[in-house]
Each structure stands twice: as structure tokens, then as C-alpha cells.
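# Structural features, examined
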Amino acid sequence: MAKKLEKLMRDFLWNDNKGKKKVHLVKWPTLYRRKKFGGLRIKNLKKMNSALLAKTKNKSVAETYVEDTASWNLSVPRRLNVDARGELADLQRSLTSVTINKEMEDVIQWSIGPKGQFSVKSTYDSLKKMPEHGGQVQIFSYIWKQKFPPKVKFFLCTIAHNSLSTRDMLLRRGMDVSKRCLFYDKDETVNHLFLHCKFASKIWDHFKEKLKLHFTMPDDFFPFLFSWNIVIPSNKQFQIWCMVSVDIVWSIWLERNSRVFTEKMNYEITVQQKIKHLLFTWCSVFQNLENPTFQDFMTSWPRIYFDYL
């Protein structure tokens, strides 16, 4: 049952709303991790079920230990699979070394829970034991702390997992596709598509000029994303500043997909206008922010949000 439910969950996450199968971009067990370690904190249903069952079987020693025979009444189900039988054998071996002190009061203690009390959460965390590597904590923490729309955060996470469906990734998965970029005659990779492609470079140059920003584009995507950030006293302005770079990346991706799936092409200037329109929409999440008209925003957005420019 758990496997069937998890299949439904995977299909819901990766497939489209018409049930059409798509590439599963990230391994499912990876998504069990916490967000700052690159997961979505999705529950492992099999282990969550075990944790919930443990709650119903929380007994004291007096209820399970048979003093006359010096044995343990574990209330084992009649039918056990191979894994369960192995776990039962391990438990029985462990119990042989347990000594009973009749002078002490019989109370329930849960060594892995807070204050010695049983909890489903502590049991699940103990059963899960998912290794969580800290190498990319900075990247994922940055993504989830920003005010980007959820689908854009998920998009950035797939880049961090090196799983975005660029043509080089599709080729690595054995798909028969051209390796050429949709904009210019170069191999399509994340770094080329978003940073070094001539189409992308023209868009970046436009916005760097508007923001009076001067820097050399790094070779890799996430060093670029962090180098884009500058010190701004206002936290709200800083978050909008971060939105600009991600908005550009997201809009380049949308334009790329438009050329792949609809064969519709937009020039750089049209994409630039779409980026500004999207930024106007994203900034609506901020309260007590200057609320310009759309026309004013399109012509004067750097002055409106970054008044020192």
C-alpha cells in the first residue's frame, strides 16, 4: 500500500495535469531530506507507518515481561515478512542482555525522545536516518529564504541538484535530442544557457546597465547568483534585488521552453519587457511598499525600488 501511495505522490509531483509521464528530475529518497539539505521533507510512508504503529504499542516492562518464564511477551503478529523476522530476531537477542531491577518503579522511558517521552516524530527521525550532507546548505537555504514563487524555488533546486532538463542533461539520460542551444550554435548547458549564451548576455547587459552594476560573469551558475548580491541596508530592497537575477534566469528558461514546445520566438527586447512585468508581479508580495502604476514601473523601476540609483 505504501508503495502505491508513493507512486501516486511521485506522479503528482513530476507528471503534468493530464497524466502524461515526464522525467523524474530528482531521486525520490532525496526529497525525504529537509529543505536546507536539498529535499522537500516528504515523508517516507513505510517508516512513518512504523512510527505510528509504535505509538499504539507503547507498553511498560510489567506489561511485556513474563517473570515466571523470564521471557518477553512481544505480541508478535502471526505473519511476518523476511525483513520483519530479521528485525524480531535482533530484538530478541538484545532483550536477552536486559536485567530487571524489581526495586525500581516501572515507568516508560524513550531514550531518543525529548524528556524521555515517546513521540512519533522522534521515532520517525530515528527510523529514517537519511544522510544529510552539508555541502550545499548555503545554496538551498538561500533559495528557500527568498520571496520567489514556489515553482521558481523548485526550479532553482533542480539546478542545484544538476537535474534541470537542459539538453546536456537529457543526453546524459539517454534521450535522443540535439545538444545545441535554442538561441545560438553552442552546446546547451545550465551555465551556457543562463550566463554565457549571446541571447542571455544581451539581456544581462541591459539590466546591469539599468542597475549601474559592473562585474564579470562567473563561469558557474550559483557563484554568479551569489556574486549578484550586494550589501543593501533595507532587507526588503535586498530581496527585490535578489528577485531581479532570478527573474531573468526564469524568463530565459520560459523563452527557451517556448521555442522547444510551441516554436514561438521572442527577441531580446520582448523578453526584457516580460522580465520587468514579472518583477512587477512578484513584488506584490511585499507589504507597505511603494505601489506604482504599471506604466511608471516599466519606465522607472530602478528608481522606484532602488532610489539611490
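A brief look at the structure comes next. This is a predicted model, so every value here is computed, not measured.

Turning our attention to a nonpolar patch on the surface. The grouping of Met-1, Leu-5 and Leu-8 at the surface amounts to a nonpolar patch, some 360 Å² of accessible area in total. One can find Leu-5 in helix α1 (residues 2-14).

Now for unusual backbone geometry. Most of the time, phi is negative for any residue but glycine, and the peptide bond is trans. In this structure, Arg-41 takes a positive phi of about 60° despite not being glycine. Arg-41 gets classed as partly exposed once you look at its relative accessible area, which sits at 43%. Even without a glycine there, the phi angle at Asn-162 is positive, about 55°. Along the chain, Asn-162 falls in the loop between α7 (150-160) and α8 (167-172).

Its 15 residues give helix α13 (residues 268-282) an end-to-end C-alpha distance of 21 Å, which sits within 8% of 21 Å, the value for a rise of 1.5 Å per residue. Those residues of α13 not exposed but buried are Glu-268, Val-271, Gln-272, Ile-275, Lys-276, Leu-278, Leu-279 and Trp-282. Buried residues along α13 cover an arc of 165° about the axis, so they all sit on one side. In the core, the buried residues of α13 are packed alongside α7, α10 (198-210), α12 (235-261) and α14 (294-305).

Take the side chain of Glu-6 next. Summarising the element assignment, Glu-6 is placed in helix α1. For the buried Glu-6, which has no salt bridge, the nearest side chain bearing the opposite charge is Arg-10, at an N-O separation of 4.3 Å. Within the local environment of Glu-6, its side chain forms a polar contact with the side chain of Tyr-32, the two groups lying 3.0 Å apart. In contact with Glu-6, other than residues within four places in its own chain, are Trp-28, Tyr-32, Lys-43, Asn-44 and Leu-45.

Parameters and conventions
- Residues numbered from 1 in each chain as written.
- Predicted model: local features only at pLDDT ≥ 70, side-chain atom pairs only at ≥ 80, totals over all residues.
- Heavy atoms only, no water.
- Patch = residues over 30% accessible without salt bridge, like charges linked within 9 Å, V, L, I, M, F, W, Y side chains within 5 Å.
- Areas by Shrake-Rupley, 256 points an atom, 1.4 Å probe, with all protein chains shown as cover.
- Salt bridge = Lys/Arg side-chain N within 4 Å of Asp/Glu carboxyl O.
- Helix = DSSP H or I, 4+ residues; strand = E, 2+ residues; numbered from the N terminus.
- Buried < 20%, exposed > 50% of the residue type's maximum accessible area, 1.4 Å probe, protein only.
- Expected span 1.5 Å × (residues − 1).
- Arc of directions from axis to C-beta.
- Contact = heavy atoms within 4.5 Å.
- Lys, Arg positive; Asp, Glu negative; His and termini not counted.
- Polar contact = N/O pair within 3.5 Å; in protein donor to acceptor, adjacent residues only side chain to side chain.

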